[in-house]
Amino acid sequence: FNEKLSRFTNAGTISIWKNTLNRITAFCNARGYNLDTLRFQDMTVEWMTEFDSFLALTAPKPNARAINHRNIKAEFNYAKKIRKANIPYPYTEYKIKHQETTHIDLSIEQTRRLATFDLMDDHICKYRDIFLLMIYLRGINAADLFDAKKSQIINGRLEYYRKKTGAFCSVKI
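In this text, all values refer to a predicted model and were calculated from it rather than measured experimentally.

1. With respect to helix α4 (residues 62-81)
An α-helix turns once every 3.6 residues. As a result, residues three or four positions apart point the same way.
In step 1: With 20 residues, α4 extends 27 Å from end C-alpha to end C-alpha; this agrees with the ideal 28 Å at 1.5 Å per step.
In step 2: Turning to α4, its buried residues number three or more, namely Pro62, Arg65, Ala66, Asn68, His69, Asn71, Ile72, Glu75, Phe76 and Ala79.

2. What to know about helix α3 (residues 45-56)
In step 1: Over its 12 residues, α3 extends 16 Å from the first C-alpha to the last, a length consistent with the 16 Å expected when each residue adds 1.5 Å.
In step 2: In the core, the buried residues of α3 are packed alongside α2 (11-31) and α4.

3. Details of unusual backbone geometry
In step 1: Notably, Arg138 is not glycine yet its phi reads approximately 60°, a positive angle.
In step 2: With respect to the secondary-structure elements, Arg138 resides in the loop between α6 (122-136) and α7 (142-147).
In step 3: Under the relative-accessibility criterion, Arg138 is labelled exposed at 67%.
In step 4: Phi angles above zero are rare outside glycine, and Asn155 is one such case at about 50°.
In step 5: Here Asn155 is to be found in the loop between β1 (153-154) and β2 (157-161).
In step 6: You can call Asn155 exposed: its relative accessible area is 77%.

4. Topic: the side chain of Asp144
In step 1: Counting through the fold element by element, Asp144 comes out in helix α7.
In step 2: Among the polar contacts made by the side chain of Asp144, one reaches the side chain of Arg162 at a distance of 2.8 Å.

5. What about the nonpolar core?
In step 1: Residues Trp47, Met48, Phe51, Ile72 and Phe76 are the most contacted members of the largest nonpolar core, which totals 15 residues.
In step 2: The element contributing the most residues to this core is α3, with five residues.
In step 3: Excluding residues that lie within four positions of it along the chain, Phe76 makes contacts with Phe40, Met43, Met48, Ile87, Pro88, Tyr89, Pro90 and Tyr91.
In step 4: Membership of the second largest hydrophobic core comes to seven residues, among which are Leu137, Leu145, Tyr160 and Val171.

6. As for the pairing of β2
In step 1: Only one face of β2 is buried: it carries Leu158 and Tyr160, and the other face, with Arg157, Glu159 and Tyr161, is open.
In step 2: Of the strand pairs in this sheet, β1 and β2 are connected by two bridges, and their pairing is antiparallel. Residue Ile154 lies in a different strand from β2, and its bridge partner there is Arg157.
In step 3: Counting the residues that bridge the hairpin from β1 to β2 gives two residues, and of these Asn155 lies at a positive phi of roughly 50°.
In step 4: As consecutive antiparallel partners, β2 and strand β3 (residues 168-172) are separated by six residues, and within that stretch Gly166 has a phi angle of approximately 80°, a positive value.

7. A few points about the pattern of salt bridges
In step 1: One pass over the structure, following the stated rule, counts seven salt bridges.
In step 2: Taking the shortest distance from any N to any O, the salt bridge between Arg31 and Glu50 comes out at 2.9 Å. Of the two residues, Arg31 sits in helix α2 while Glu50 sits in helix α3, which places them 19 residues apart along the sequence.
In step 3: Assessed through its relative accessible area of 28%, Glu50 is described here as partly exposed.
In step 4: Its salt-bridge partner being Arg128, residue Asp129 comes within 3.2 Å of it at the nearest N-O pair.
In step 5: Under the relative-accessibility criterion, Arg128 is labelled buried at 12%.

8. Quick look at the sheet that holds β1
In step 1: Pairing is antiparallel across the open sheet formed by three strands, whose spatial order is β1-β2-β3. Strands at the two margins of the open sheet, each flanked by one partner only, are β1 and β3.

So, how was this worked out
- Residues numbered from 1 in each chain as written.
- Predicted model: local features only at pLDDT ≥ 70, side-chain atom pairs only at ≥ 80, totals over all residues.
- Heavy atoms only, no water.
- Helix = DSSP H or I, 4+ residues; strand = E, 2+ residues; numbered from the N terminus.
- Expected span 1.5 Å × (residues − 1).
- Buried < 20%, exposed > 50% of the residue type's maximum accessible area, 1.4 Å probe, protein only.
- Contact = heavy atoms within 4.5 Å.
- Polar contact = N/O pair within 3.5 Å; in protein donor to acceptor, adjacent residues only side chain to side chain.
- Core = buried A, V, L, I, M, F, W, Y, C linked by side-chain atoms within 4.5 Å.
- Pairing = 2+ DSSP bridges.
- Salt bridge = Lys/Arg side-chain N within 4 Å of Asp/Glu carboxyl O.

Okay, here's the thing in structure tokens:
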């Protein structure tokens, strides 16, 4: 995991991977496993199930636990593909649990009411206007909006690369 961390540059990604390493460390400490000698071969379906139960003590929602499992799975995939490691692969049997999330969409009427609602406090108005701008720009992520530069406006469009995914976006203003 430490080698993997050195390949990342995004602070958010590094934080997520460090959290996974911390959860594995806590799990090993709680179960009496020696983290220094933990190998891929030790991470069986039973180990994954036990690890998930451990995670559930502090993260009852499956999607919160799935982040850690996806990181571990990525390490297995990296070891098998890049390092050509001949290791048992628990993810053929162990399925990462997740829940579908519900999206809460504002109707056009709700958006209009929000836009025209008279707020007495200018401070609150500023945040409402930022929220509305995010909606108007097709749901632009806050990090992408706050990093946007005037130079990214080309022919009436905001053109940028998503900070999180690197995907190119072009939104008509």
